[in-house]
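# Residue-level structure breakdown
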Amino acid sequence: MKRVAFFLALVVIATGFNPAANSATAKTSLTLKVESTPNAGESLVTFYGQVKPAAKGAITIDTFDGVAWKATPLKTTSAASGAWRITTVATAIKAEGQYRAQVVIGKKKTLSKNANFKVDLTKTFATTDDLFIPTETGKLTGGRIQGSDISRWQHPNDQPIDFKQMFDAGMRFVLIKGSDAQEKADLETMRWLVGDRSAAQAAGLYTGMYHFAYMPNSTDEAYVIRDAKAQAQKVLWRLASLGGYNERDLPVALDLENSCVKKNSSGDCIKTLPRSLVTLWAETWLETVEEKTGRKPFLYSYAQFLEGAMERSEKLRQYPLWLAHYGIHPADPISKPGQRATIGCFVHSWSTANCSSQWQIWQYSSCGIGKKYGVPSARLDLNVFRGTPETFLSLIKGKWQPEQVDLMPVNEPTKLNLISVTTTDTNKPVFINVEVFRSIGTPVVTGTVVFRPTDPKIKIKKQTPERNASGRWEIKIEGLPAGATAGTLNYVDISKTHADNEMPLIINLAQGPDLPTVTPTPKPTITKKPTDGCAKQIKH
């Protein structure tokens, strides 16, 4: 294999957090970390950190010569979220020294704490094969490149991940949850995305970002397309806030593994989106992201879903597949992920003539030993890449550098559209259906809706907004009194991407009949034996 020489790279990254949501009066702070970044051929060093509160600023690196601080040629600009990164060859700096970063925002200069650093030559590998497939890892993965995927669940009790240990344990890429169609889960995702991406790349890992999708509750093709484009827009804004793709970014991925659009009170699915519309939604999302970024995104799923919830599509087949299939070992030469365990084939867009699947990444276990890889959670998903290091590196070709228009807007005007209000009496819930649109006429991407009584003495027992699609919710309200309750229907976006909005609404309820008191029959206590979810999975 040819030796790979990386040249000086200045890379800016940022979170999906909106800087407008931060206080303008908060004191500026700047963090700095310095790491020897593993590489084949030349030693690399990465400087990275974040400006808080999030802001764009000019970043420079200073070094101490024993007498005074002097500026180095290393400089970049932090992105809207304040995160920044500079990667350079180790020969461009002193082998051992003391460094600090400074940021200038307007006319104000802020310094980081000092950082002592010594180049670690053990992080330099002779060839790309040595870098990507260490001997021990090759034994576990059948000579394939190993990676993992993470989300907030790998941060129990807000504990950080040791990505240097993850690299030393054989991992070479990590796919990080970057966004979620549900607001609460998306906020949790944003807490970890930037820090994990920065630390992972500095530790030598290549990173990807995936979006967890939910299907819209609509059989209108135009609305399905609109929802897919709205969820794609969230991903594009998130990627733009990271500064676009850099030289260690894999293409983004669509996590599509559920077609349920309606559940009952017990949480059981009672309605799914038709196969043709799931397929249309996925095609639209993938095409939208590819058109903007210039890279083909991955689609993550499992064979049963691809066959049962989607139609075969030549369009889908053009996109790389990230396939989940547990219980077979990647080091076993006869293992073929995507095949049925018994007779017959899974038939879907990526099926091959020999009944296997045309996959690019294979998630072969959800039972990796977390502590082995520097992960605080007990379990970790394990993946392998199908192909050589050269094939892997081809995935990172092409950079998308966002322009100002590509960034998430700030307090963009919105419009509320009340679809329906369904009422009966005080014994039954009130249902409100509402849509919220951006100023350009497409659905809002973030936020939620809530009904607020004008009289503060009126207390709502329970209020649940259920997302039916991007920008469309059904609110279930329980516990309103009889008569007319005046209030406002509010759209609220704590990220401040879209402007909050409200409209007056009066809810009229009849008094329901008195209900007989029912004493529930005690259910016998059944002690269930704990099940081992990893009993048939690979553990290492």
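Residues numbered from 1 in each chain as written. Predicted model: local features only at pLDDT ≥ 70, side-chain atom pairs only at ≥ 80, totals over all residues. Heavy atoms only, no water.

Within an unreviewed UniProt entry, the label attached to the chain reads Lysozyme M1 (1,4-beta-N-acetylmuramidase), and the organism entered is Candidatus Nanopelagicus limnae. In the Sequence similarities (unreviewed entry) part of its UniProt record, the chain is described as follows: "Belongs to the glycosyl hydrolase 25 family." (UniProt positions renumbered as here; feature names shortened; annotations may be inferred.)

All right, on to the layout of surface pockets then. Roughly 1,000 Å³ of volume is contained in the largest pocket. As for the largest pocket, its lining consists of 38 residues, and the residues nearest its centre are Gln182, Thr464, Pro465, Glu466 and Arg467. Per element, the largest residue contribution to the lining of the largest pocket is seven residues, and it comes from strand S26 (residues 462-469). When its residues are assigned to classes, the lining of the largest pocket shows 13 nonpolar, 14 polar and eleven charged. Summarising the domain contributions, the lining of the largest pocket has at least three residues from each of domain 2 (127-396) and domain 3 (414-509). Roughly 760 Å³ of internal volume is contained in the second largest pocket. In terms of lining, the second largest pocket is formed by 31 residues, of which the most central are Lys33, Gln50, Val194, Gly195 and Asp196. Within the residue set of the lining of the second largest pocket, elements represented by two or more residues are strand S3 (33-37), strand S5 (44-52), helix H3 (163-168) and helix H4 (183-202). The greatest single-element share of the lining of the second largest pocket, amounting to eight residues, is contributed by H4. (1 Å grid on protein atoms, 1.4 Å probe; cavity = no way out; pocket = protein on both sides within 12 Å on 5 of 7 lines; lining within 4 Å. Points joined across faces, edges and corners; volume = space filled by probe spheres on them. Helix = DSSP H or I, 4+ residues; strand = E, 2+ residues; numbered from the N terminus. Nonpolar A, V, L, I, M, F, W, Y, C, P; charged D, E, K, R; others polar. Domains from an automatic or database assignment.)

What follows is about empty space enclosed by the protein. One pass over the full model with this rule turns up three cavities of 30 Å³ or more. Of the pockets and cavities examined, the largest cavity occupies roughly 60 Å³. Lining the largest cavity we find Leu193, Arg197, Thr207, Gly208, Met209, Leu239, Leu242, Tyr245, Asp249, Leu250 and Val252. Listing elements by their share of the lining of the largest cavity, those giving two or more residues are H4 and strand S15 (206-212). It is S15 that contributes the most residues to the lining of the largest cavity, three residues altogether. In terms of residue class, the lining of the largest cavity is made up of seven nonpolar, two polar and two charged.

Further remarks concern the domain arrangement of the chain. One can read the domain layout of the chain as domain 1 (29-118), domain 2 (127-396) and domain 3 (414-509). Between the C-alpha centres of domain 1 and domain 2 the distance comes to 32 Å. Contact residues are listed per partner, giving 15 residues for domain 1 and 16 residues for domain 2. Approximately 1,100 Å² of surface area, both sides summed, lies buried where domain 1 meets domain 2, with 58% of it carried by carbon and sulfur atoms. Applying the counting criterion to the domain 1 and domain 2 interface returns two salt bridges. For lysine 164, the salt bridge goes to glutamate 35, with nearest N and O atoms at 3.5 Å. (Contact = heavy atoms within 4.5 Å. Buried area = accessible area lost by both parts, 1.4 Å probe. Salt bridge = Lys/Arg side-chain N within 4 Å of Asp/Glu carboxyl O.)

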